[in-house]
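Observations on the three-dimensional arrangement
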Amino acid sequence: MTAVSTPAPARHDLAEVGRNAATLRSFLHGLPGVDEVGARQRAATLGTRSIKTTAKAWAIDLAVRMVDLTTLEGADTPGKVRALCAKARRPDPTDPGCPPVAAVCVYPSMVPTAAEALTGSGVHLASVATAFPSGQAPLEVKLADTRAAVAAGADEIDMVINRGAFLAGRYEQVYAEIVAVKQACGDAHLKVILETGELATYDNVRRASWLAMLAGGDFIKTSTGKVPVAATLPVTLIMLEAVRDFHAATGRRIGVKPAGGIRTTKDAIKYLVLVNETAGDEWLTPDLFRFGASTLLNDLLMQRSKLHTGVYSGPDYVTLD
Amino acid sequence: MFDYAPAPESRSVVTIRDSYGLFIDGEFVDPTDGGARKTVNPATEEVLAEVAEAGPGDVDRAVAAARAAYQRVWGPMPGRDRAKYLFRIARALAERSRELAVLESLDNGKPIRESRDVDLPLASAHFFYYAGWADKLPYAGFGPDPRPLGVAGQVIPWNFPLLMLAWKIAPALAAGNTVVLKPAETTPLTALLFAEICQQADLPPGVVNIVTGAGATGQAVVGHPDVDKVAFTGSTDVGRQIARAVAGSRKKLTLELGGKAANIVFDDAPIDQAVEGIVNGIFFNQGHVCCAGSRLLVQESIAEPLLESLKRRMARLRVGDPLDKNTDVGAINSAAQLDRIRTLAAAGTDEGAQAWSPPCDLPEQGFWFAPTLFTGVSQAHRIAREEIFGPVLSVLTFRTPDEAIAKANNTPYGLSAGIWSEKGSRILWAADRLRAGVVWANTFNKFDPTSPFGGYQESGYGREGGRHGLEAYLDV
């Protein structure tokens, strides 16, 4: 397949895009625009898909396996993190058939505790790094932050981009930082948080998505969850279009992670429909799509048990961690 | 694989009677000199009901009832009181929208997603909108005391049965006219349920009369000497016959006829949304849309990647059971229409254009046509000139903006057009030059009761919707 909905250069040229500020800028500004009304309408239409019975059961189990169970509070303690890890390994203690979640996501200081609690579980350990959530620290600090998290056992790093530099038009600086962090990650997977709520326009979301992918990110992620506007369906739609087009241009599949504000099973299923009908079913795997969420898991478990037993058990029957 | 399990809307929300009479003077009556015909579900060919066929004597009764109601009740009634009835009808349409949507999908074949999210909300909105005008006619710009015309004879098509009924009846009643409406012979059921809503709303008898039947019934309505106003939506051929029939009479006429709209995609378009707009332009309602974007004019420099995107998107269209909430493209409305689509598609291939359809399993029963795209189409091909009224898109290319406009306007029709560009000045430049009643920019097939709709040239004359829509029903 050839490059589809973008004027992306042929495969061998994309490596040249990041060569200097001018090439990067002209590439990002050469991407087709996004019509905001149209994008919202498409996301809303897909939101009306009706997912029932067997399809719903399948989607709920997949959504559980895609959850990055997250705690990012100043008040996090080793006890809290251990409890979360126990939940991640066995989300529903009453049902051994319930799959574990994809990953646990914590601050770097909590990585050693989580690493110990997750040993042998197959659950990934993600850590936010690079002066999360603002990204406003010197590059050296960000890199040290990243190396420390990896050294302590994180196999996934959720970095934030430098939104200040992006909005000022210094794309090469954002690009260089991502490249450097990717290097500091070593074998760990890199998720690049765009903080789309601060980028404000869908054109910016598309540009930032391409920037992160060109610089070597393995995942692009919507939000930190620390600003008022977190993940939305239209923003995720734009990002899914970007990974689809990037794959068409390079053959490489990049993951997408909406994070923040996804609380219900109904919402999660809307996202899965969006993935299915935008990027395609190759993306319907925890390797390429994740939910950054904390409260979503319990609603998924309640709906899951409702489908199995036919009755709602109520919030007292799922664990609060 | 994410296989969506069937999610059918329940049929039990609507009761379909075995047979229906004519709605004349507030009551369902048997035809005196006509017969009956069956209406089928085009998705299964199952017979839904038997519907009366009105003959000239029945039309006579209906027109007489409308005349009496006009003279005694509806004409003299103050606008604010007419508004109350219209508001009541609007509310009833909204309240019974699920029932009406299911019935519309059963009788017409359109997906429930569209009847539920487009047809019904718009039909109700149309009544709400014109209800608001009923007591404000002196402020509509047609003089201090604009008068109604009298009895309106209205003939509507099968593609949006209830919505077209709303477009016709709401402004007529708001302006103080009474109506005799003939729904299409393949889709009479929602009009008959609407008749029940008129009863439920306590609308005075004779204000709305519904006579079912085929072409002969329509001719009787249009040609009736006591009809003051004729409104028709349908094919250009029938429109011509009607224009001939009313020529030289006092009857006022509005026609909303066919189209062959150009959807123009410039190289600076928002590509992903343009692809959505192309799909919505031609596959919405199986392409049974007079303003469908059936000619895609794409700038040659982006034609190849755009078509790749379009094909990938078309492969996602879900064709099948109209009552399934996840269906995007439903059934073709009738065997006759399916024949016409097949004939024109075959002509496309014969004349050298290349057809492409995504792989899709069509049901064995019923009338179905896979979404189809033709490339290598030239202006001379039949599929670039004739209205197909089906899910068939003809793709043409252009090199410069001038060429795009020239090709877009090179049609005897002129109902609608679409422009896709991120450049505001280009949109305004193109909109100025397109000979079309409606020009959409970075969207397509968007309707609103406040916005006038209608055509140029052989797409007809007169406007429906908005303040302009009142003019057709006022003596101005």
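What this report covers is the structure whose coordinates are included nearby.

Calculation notes
- Residues numbered from 1 in each chain as written.
- Chains lettered and ligands numbered in written order.
- Predicted model: local features only at pLDDT ≥ 70, side-chain atom pairs only at ≥ 80, totals over all residues.
- Helix = DSSP H or I, 4+ residues; strand = E, 2+ residues; numbered from the N terminus.
- Rg over C-alpha atoms; globule rule 2.2 N^0.38 Å.
- Contact = placed C-beta atoms within 7 Å.
- Expected span 1.5 Å × (residues − 1).
- Buried ≥ 20, exposed ≤ 12 C-beta atoms within 10 Å, placed from the backbone.
- Pairing = 2+ DSSP bridges.
- Right-handed = clockwise from strand over helix to strand, strands pointing away.
- Nonpolar A, V, L, I, M, F, W, Y, C, P; charged D, E, K, R; others polar.
- Core = buried A, V, L, I, M, F, W, Y, C linked by C-beta atoms within 7 Å.
- Axes fitted to C-alpha atoms, helices over the stretch in contact; angles between N-to-C directions.
- Parallel < 35°, antiparallel > 145°, perpendicular 65-115°, else oblique.
- Left-handed = near helix turned anticlockwise from the far one by under 90°.
- Bend = angle between axes of the 7 residues up to and from the residue.

1. Re the overall build of chain A
Summing up its helical and strand segments, chain A has 14 helices and eight strands in all. Against the globule reference of 20 Å for 321 residues, chain A gives a C-alpha radius of gyration of 19 Å, in line with a compact fold. Here the analysis covers contacts within chain A between residues at least 6 apart in sequence; of these, 74% occur between residues at least 24 apart.

2. A few points about helix 5 (residues 161–175) of chain B
Residues separated by three or four positions in an α-helix point in the same direction, a consequence of the helix having 3.6 residues per turn. Residues and elements named next belong to chain B. Between its first and last C-alpha atoms helix 5 spans 22 Å; for 15 residues at 1.5 Å apiece the expected length is 21 Å, and the two agree. For helix 5, the buried fraction is high: 15 of the 15 residues fall into the buried class. Directly beyond the C-terminal end of helix 5, a positive phi value near 105° is found at glycine 176.

3. Considerations on the sheet that holds strand 5 (residues 46–52) of chain B
All names here are of chain B. Reading across from one edge, 1-5-4 is the order of the three strands in this open sheet, with mixed pairing throughout. One side of each edge strand has no neighbouring strand; the edge strands of this open sheet are strand 1 (19–20) and strand 4 (36–41). Sheet topology places strand 4 next to strand 5; six bridges connect them, and they run antiparallel. Opposite threonine 39, over in strand 5, you have alanine 49 as the bridge partner.

4. Considering the pairing of strand 10 (residues 252–256) of chain B
A regular strand places its side chains on the two faces of the sheet in alternate fashion. Residues and elements named next belong to chain B. Across the five residues of strand 10, five count as buried, placing the element largely inside the fold. Of the two faces of strand 10, the one holding Lys252, Thr254 and Glu256 and the one holding Leu253 and Leu255 are both buried throughout. Sheet topology note: the strand 9 (residues 229–233)/strand 10 ladder contains five bridges and is parallel. Within strand 10, the position partnered with alanine 231 by the bridge is threonine 254. Crossover connection from strand 9 via helix 8 (residues 236–246) to parallel strand 10: handedness right-handed. Relative to strand 18 (residues 460–461), strand 10 runs antiparallel, the two being bridged by two bridges.

5. Quick look at the interface of chain A and chain B
Counting residues at the interface gives 26 residues for chain A and 24 residues for chain B. Mapped onto the side of chain A that touches chain B, the elements with two or more residues apiece are helix 3 (36–46), helix 4 (53–65) and helix 13 (265–278) of chain A. Ranked by the residues each element gives to the side of chain A that touches chain B, the list is headed by helix 3 of chain A, at four residues. For the side of chain A that touches chain B, the per-class residue count stands at 10 nonpolar, nine polar and seven charged.

6. A few points about the nonpolar core
Formed by 107 residues in total, the largest nonpolar core has its most connected members in Ala63, Val67 and Val104 of chain A. Considering every element that reaches this core, the biggest residue donor is helix 12 (residues 233–250) of chain A, with 10 residues. In this view, valine 67 of chain A contacts Val101, Ala102, Phe291, Ala293, Leu296 and Leu297 of chain A; residues no more than four positions away in its chain are not counted. Core analysis: the second largest hydrophobic core is formed by 89 residues, Leu22, Tyr70, Met164 and Ala170 of chain B among them.

7. Quick word on the packing of helix 3 (residues 97–108) of chain B against helix 4 (residues 112–133) of chain B
Residue and element names in this part refer to chain B. It is the contact of helix 3 with helix 4, at a shortest axis distance of 9 Å, that shows an interaxial angle of 125°. Here helix 3 lies oblique to helix 4, going by the angle between them. Viewed along their axes, helix 3 and helix 4 form a crossing whose handedness is right-handed. On helix 4, the residues touching Ser97, Leu100, Ala101, Val102, Glu104 and Ser105 of helix 3 are Ile112, Ser115, Arg116, Asp119, Leu120 and Ser124. Considered class by class, the residues forming the contact of helix 3 with helix 4 number five nonpolar, four polar and three charged.

8. A word on helix 4 of chain B
Residue and element names in this part refer to chain B. When the terminal C-alpha atoms of helix 4 are compared, their 31 Å separation across 22 residues agrees well with the 32 Å that a helix rising 1.5 Å per residue should span. In the structure, helix 4 departs most strongly from a straight axis at aspartate 119, where the bend amounts to approximately 25° and where the proline proline 121 lies between one and four residues downstream. Burial of helix 4 is extensive: 16 of the 22 residues sit out of reach of the surface.

These figures capture arrangement, not role.
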